[in-house]
Amino acid sequence: MIDKDYIKELDALKIDADRVVYMNKYAWKIRRSYPEKALKIANEAKELSEQLDDNNALAYSFRNSGTAYYLLSMFEQALVDLHKALGLFKKENNKHAEATTIRTIGNIYHSIEENEKAIEFYHKAIEITEVLNDKQGTAYNLGNIGYVYQKLKEQDKALDFMLQTYELLSEIDDDLGLCDVMGNIGRTYFVTGKKEQAIEYYNRSLARAEKINHLRGIATANNSIGEYFAEKKEYTTAEEHLNKALAAASEMGERLLICQVLKSLSSLHEKTGDLQKALNTYKEFQTLNNEILLSDKKSSLNAIKVEAELQIAETEKELFKVKNIELANANTIIEETNKEITDSIKYAQRIQEAILPSNELIKHLVPDSFVMYRPKDVLSGDFYWVSGARTRYGEDFLLASVADCTGHGVPGALMSIIGNNYLRLCEHEETVNRPSEALDFINNGVSKTLRQELSSSTIKDGMDMSFIAIDYKTMKLHFAGAKNAIFLVQKDGLTEYKGDKQPIGSYVGEELIPFTNKEINVNKGDTVYLFSDGYPDQFGGPKGKKFLYKKFRELIASVSSLSMLEQKIALEKRFDDWKGDLEQLDDVCIFGIKI
């Protein structure tokens, strides 16, 4: 629930421009203690900022939502929003906000353990804060660099940066900053064996946090104090502090912090001999940790059930054509039918998403990768797939594919179910040992499913597909394409490998033309991109023209040196900027894999 005082103050402001300023200030104020509330307010502020066409307010709204996403451990969305904020702040020449945003981006890179990148962003922020003579900003960035070195176990460097931070924050008596840095200094002393100095700083940090009701500081300090007393075997005191830490972390909804405290509690219960309690607490930790790391998608639904549900959605759509309904009842019936159709299609969307590879599987098979997936409608005709398989020759392959089915929406989604089903089947087919053979198998199966050998019921539907198999032992990449190409970026630049000109589902029986297999030498660090045509075909830009294939190829080459997460962000931003207010033309899917 949003605070009553906030609602009262907001209602008192009659001018929208004043309201959006107040919303952004309040979201920023409560971001650390109540990130979920801050996110809700920031998103409301975005809508109002856009209505007012106020770029400055919109920048702060994105900064606030990005920071809230970060505090809620939703790092990918956080980076998207923060980069949008950063671009707007640069246009507005708002250096102070620019520095704050850069610092938060650094925090995210630190959280995902890209430490060099984190330090790079902190130094960028310091360059700005020193010009602005912003002692607080400089101190926060120095402290963050110290925290990175602490995690890297370079404790001398860590302590040096933290003491510089402490000195600057003491000059301006910054309670919030001092709370955090004293906690970090305490941890540095603790890991270097100076336990008494550590507890002194922990207690000082807790006192500052309680003074300003800083929930994150209260949780962190109590957790550290609890671990200190657990090591001294003063278990009752330790449990008391850890329970306080859990209560504060739970109140603010900070999942990573809750995980940290649950792990400390589990360890404490194990030390006291309460093994059942230790096990239960550890299970809580594991459950929440998995929620953070994994998508809630499930990939075990039966393909037949999926197809049936989508067909139901399409059938229900026909209810709009009902005739001979009395005029007095027509609107009511249409509204009820529309709701049923909408609900059915939304459910079909969840089912379609379930056939896509889970985040867990992608992370396991291709940890250094990204997927940009943008359906045009609720349902999509594009889909991506990844798996591992052993051929009859004893080769272990990583398999990946991107497909673009005829149409989008419900028809495209139905085609995607058929294509995905045959992809799964070919994975276990003994006669399929190369991508070209996989496409032959899928082509034959899709054509028969659509009965394209019968001229009286020919359906001119099918799909374009790229299919790769990577052998990490021989460092060979095998590729076959049904109209679709792939890009391979190596040290000497980007190379395009084109597929055959025929799509899946065009020929059967005697007319079936085999697909061509290409074998390519690759090296560790090369990046391969599979994609549909939705991105280059999108209309936009100042003249409302297509993005075009050449420009898409140049864009991929230009972002290929970035980390995979940064590549995804850059591609999404370029797409959004190009599209602008125009309608999305087609489904978009790009699958990038670093070998």
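Since we're looking at a predicted model, the values are computed, not measured. (Residues numbered from 1 in each chain as written. Predicted model: local features only at pLDDT ≥ 70, side-chain atom pairs only at ≥ 80, totals over all residues. Heavy atoms only, no water.)

Enquirer: An account of the overall build of the protein is needed here, citing residue identities and associated values.
Expert: Counting its secondary structure elements, the protein contains 22 helices and 12 strands. Residues counted as buried form 51% of the 595 residues belonging to the protein. Look at the contacts in the protein between residues 6 or more apart in sequence, and 63% of them connect residues 24 or more apart. Element-wise, carbon and sulfur atoms account for 49% of the exposed surface of the protein, whose accessible area totals about 29300 Å². (Helix = DSSP H or I, 4+ residues; strand = E, 2+ residues; numbered from the N terminus. Buried < 20%, exposed > 50% of the residue type's maximum accessible area, 1.4 Å probe, protein only. Contact = heavy atoms within 4.5 Å. Areas by Shrake-Rupley, 256 points an atom, 1.4 Å probe, with all protein chains shown as cover.)

Enquirer: Tell me about the pattern of salt bridges, and name the residues and values.
Expert: Per the counting criterion, the structure on display carries 24 salt bridges. Across the pair glutamate 240 and lysine 244 runs a salt bridge, and its minimum N-O distance is 3.7 Å. Remark: lysine 244 and glutamate 240 occur in helix H13 (residues 235–252); sequence separation between them is 4 residues, near one turn of the helix. Judged by relative accessible area, which is 43%, lysine 244 ranks as partly exposed. Between lysine 376 and glutamate 583 there is a salt bridge, with the nearest N and O atoms lying 2.6 Å from each other. Linking lysine 376 in the loop between strand E1 (369–374) and strand E2 (382–390) with glutamate 583 in the loop between helix H22 (564–579) and strand E12 (588–594), this pair joins segments that are 207 residues apart in sequence. (Salt bridge = Lys/Arg side-chain N within 4 Å of Asp/Glu carboxyl O.)

Enquirer: So what's going on with the sheet that holds strand E4 (residues 463–471)? Residues and values would help.
Expert: Pairing in this open sheet of 5 strands is antiparallel, and the strands run E2-E3-E4-E5-E8 from one edge to the other. Strand pairing shows two members of the sheet lacking a second neighbour, E2 and strand E8 (518–521), which therefore form its edges. Strand-to-strand twist in this sheet, taken as the mean axis angle between neighbours without regard to direction, amounts to 20 degrees. Of the strand pairs in this sheet, E4 and strand E5 (residues 476–482) are connected by 6 bridges, and their pairing is antiparallel. Bridge pairing links alanine 469 to histidine 478 in E5. Where helix H20 (residues 435–449) meets the sheet, its contacts fall on E4 and E5, and the angle it forms with E4 comes to roughly 150 degrees. (Pairing = 2+ DSSP bridges. Axes fitted to C-alpha atoms, helices over the stretch in contact; angles between N-to-C directions.)

Enquirer: Kindly report on a nonpolar patch on the surface, identifying the contributing residues and their values.
Expert: On the surface, a nonpolar cluster with roughly 230 Å² of combined accessible area is contributed by Phe539, Leu582 and Leu585. On the accessibility criterion, phenylalanine 539 (34% relative accessible area) is partly exposed. (Patch = residues over 30% accessible without salt bridge, like charges linked within 9 Å, V, L, I, M, F, W, Y side chains within 5 Å.)

Enquirer: Kindly report on the environment of asparagine 56, identifying the contributing residues and their values.
Expert: Relative to the elements of secondary structure, asparagine 56 occurs in helix H4 (residues 55–71). Residue class for asparagine 56 comes out partly exposed when judged on its relative accessible area of 30%. C-alpha of asparagine 56 to C-alpha of valine 21: the two residues are 35 residues apart in sequence and 9.7 Å apart in space. Look past the residues within four positions of asparagine 56 in its chain and what remains in contact with it is Glu92 and Asn94.

Enquirer: Quick one: what's the story with the sheet that holds strand E7 (residues 493–497), residue by residue and with numbers?
Expert: Read across the open sheet, the 5 strands follow the order E1-E12-E9-E6-E7; overall the sheet is antiparallel. Among the strands making up the open sheet, the edge pair consists of E1 and E7. The average angle at which neighbouring strand axes cross in this sheet is 15 degrees, direction not considered. Here strand E6 (residues 486–490) runs beside E7; their pairing, made up of 5 bridges, is antiparallel. Counterpart to glutamine 490 in the pairing with E7 is glycine 493. In the packing of helix H21 (residues 549–559) onto the sheet, the strands contacted are E6, E7, strand E9 (527–531) and E12, and the crossing angle to E7 comes to about 135 degrees.

Enquirer: Got a sec to walk through the pairing of E6? Specific residues and values, please.
Expert: Buried residues dominate E6, accounting for 5 of its 5 residues. Burial of E6 is two-sided: the residues Ile486, Leu488 and Gln490 facing one way and the residues Phe487 and Val489 facing the other way are all buried. In this structure, the hairpin formed by E6 and E7 is closed by a connection of 2 residues. Two strands pair when backbone bridges link them, and E6 and E9 are joined in this way by 4 bridges, in the antiparallel orientation. What sits directly across from valine 489, in E9, is threonine 527.

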